[in-house]
Amino acid sequence: MGGTYSSLWRPSRFQYINVYARANSQLKNLWAVGINANLNPERQDFYEPRLAGRVFKVPANVSGGFSVGTNSAKKYSVSIQYNQLLSQKYIATTGELYLSNQYRFNDKLTVGLSSFNSKAKNNVGFAFLNESRDTAFFGRRKRITVENILNLKYNFNIKMGITFRARHYWSRVDYKSFFRLMDDGYLEPVSSVEKNPGTNVNFFNIDMVYTWQFAAGSFINIGWKNAGSMFNQQTLEPYHKNLGDILREPQENNFSLKVIYFLDYLTLTKKKNV
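Anyway, here's the lowdown on the structure attached to this text. (Residues numbered from 1 in each chain as written. Predicted model: local features only at pLDDT ≥ 70, side-chain atom pairs only at ≥ 80, totals over all residues. Heavy atoms only, no water.)

**Observations concerning the pairing of strand β11 (residues 160-181)**
Link 1 in the chain: Across 20 bridges, the pairing between strand β10 (residues 136-157) and β11 is antiparallel. Looking across to β11, one finds that Arg143 is bridged to Val173.
Link 2 in the chain: Counted between consecutive antiparallel strands, the loop separating β10 from β11 contains 2 residues.
Link 3 in the chain: Pairing geometry for β11 and strand β13 (residues 199-215), over 14 bridges, is antiparallel. (Pairing = 2+ DSSP bridges. Helix = DSSP H or I, 4+ residues; strand = E, 2+ residues; numbered from the N terminus.)

What follows is the structure, encoded as structure tokens:
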């Protein structure tokens, strides 16, 4: 059981109570399995309203899931984790699936691919502030999030190697109905709003580092970072269309050179004395 309070505790500033249970086990074949369950009573969110002194009463929910992972010492290993969240108010559901694969071709090359997928229906959260910025509007929305990460590691020898990481993050929020945040923290339905806050977000990143240990404790690191982002309201476009669009967007590239040289003071003093 956990909770968070402000530094000067007052009952009105209480944020949350969380009751959770988890069980993990390793099988004889070195597979790992686990299950979890969470109970989250109604909590107070002081950040979601984007207005100082306001609070949003987050509906109670329950969640549970499982995880399975194969023996990571094998050439090929895979792990899967799934969680499901349910909330009676607004009939909200969220499913989260995490899948990770890794294949070790030999002592030099290892390739890994991980994927996170989340789909939320009737999720309720902040939408926008009105023009006078004194009223927060919330929305009931469909939210999809996908994150795929490709990792490659190649060792030329024990002192020289390259690591490569490519990441694409995509999230879209499509609003179905809207509410006005009341002073007591609860929501009041509204028939229409002044704008559509639906959002489609993409981030694409590449991080590659070449490392050479040229002496004991001494390294040369050459890095390349590539980054691109895209924001629009095309909330009906599928994942593959978003991936193609972000790859065609202007990218920012950065290159870096880092030299770390280990200097042994005792060795220098010995040479000086001689």
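So, next bit.
**Concerning the layout of surface pockets**
Link 1 in the chain: A volume near 620 Å³ is recorded for the largest pocket.
Link 2 in the chain: Around the largest pocket, the lining is made up of 27 residues, and of these Arg43, Val58, Asn61, Leu85 and Asn123 lie nearest the centre.
Link 3 in the chain: Secondary structure elements with two or more residues in the lining of the largest pocket: β3 (32-40), β4 (43-45), β5 (56-58), β6 (61-69), β7 (76-87), β8 (92-104), β9 (109-129) and β10.
Link 4 in the chain: The element contributing the most residues to the lining of the largest pocket is β9, with 5 residues.
Link 5 in the chain: Here the lining of the largest pocket is composed, by residue class, of 7 nonpolar, 13 polar and 7 charged.
Link 6 in the chain: Of the voids in this model, the second largest pocket is the one considered here, and its volume is about 170 Å³. (1 Å grid on protein atoms, 1.4 Å probe; cavity = no way out; pocket = protein on both sides within 12 Å on 5 of 7 lines; lining within 4 Å. Points joined across faces, edges and corners; volume = space filled by probe spheres on them. Nonpolar A, V, L, I, M, F, W, Y, C, P; charged D, E, K, R; others polar.)

**As for the side chain of Thr94**
Link 1 in the chain: In this structure, Thr94 sits in strand β8.
Link 2 in the chain: Note on Thr94: relative accessible area 14%, which makes it buried.
Link 3 in the chain: Contacts of Thr94, omitting those with residues within four sequence positions, involve Asn83, Gln84, Leu85, Ser118, Lys119 and Ala120. (Buried < 20%, exposed > 50% of the residue type's maximum accessible area, 1.4 Å probe, protein only. Contact = heavy atoms within 4.5 Å.)

**Thoughts on a nonpolar patch on the surface**
Link 1 in the chain: A cluster of nonpolar residues, Ile17, Val19, Leu39, Val62 and Leu86, forms a patch on the protein surface that exposes about 370 Å² of accessible area.
Link 2 in the chain: One can find Leu39 in strand β3.
Link 3 in the chain: Since its relative accessible area comes to 43%, Leu39 is described here as partly exposed. (Patch = residues over 30% accessible without salt bridge, like charges linked within 9 Å, V, L, I, M, F, W, Y side chains within 5 Å. Areas by Shrake-Rupley, 256 points an atom, 1.4 Å probe, with all protein chains shown as cover. Salt bridge = Lys/Arg side-chain N within 4 Å of Asp/Glu carboxyl O.)

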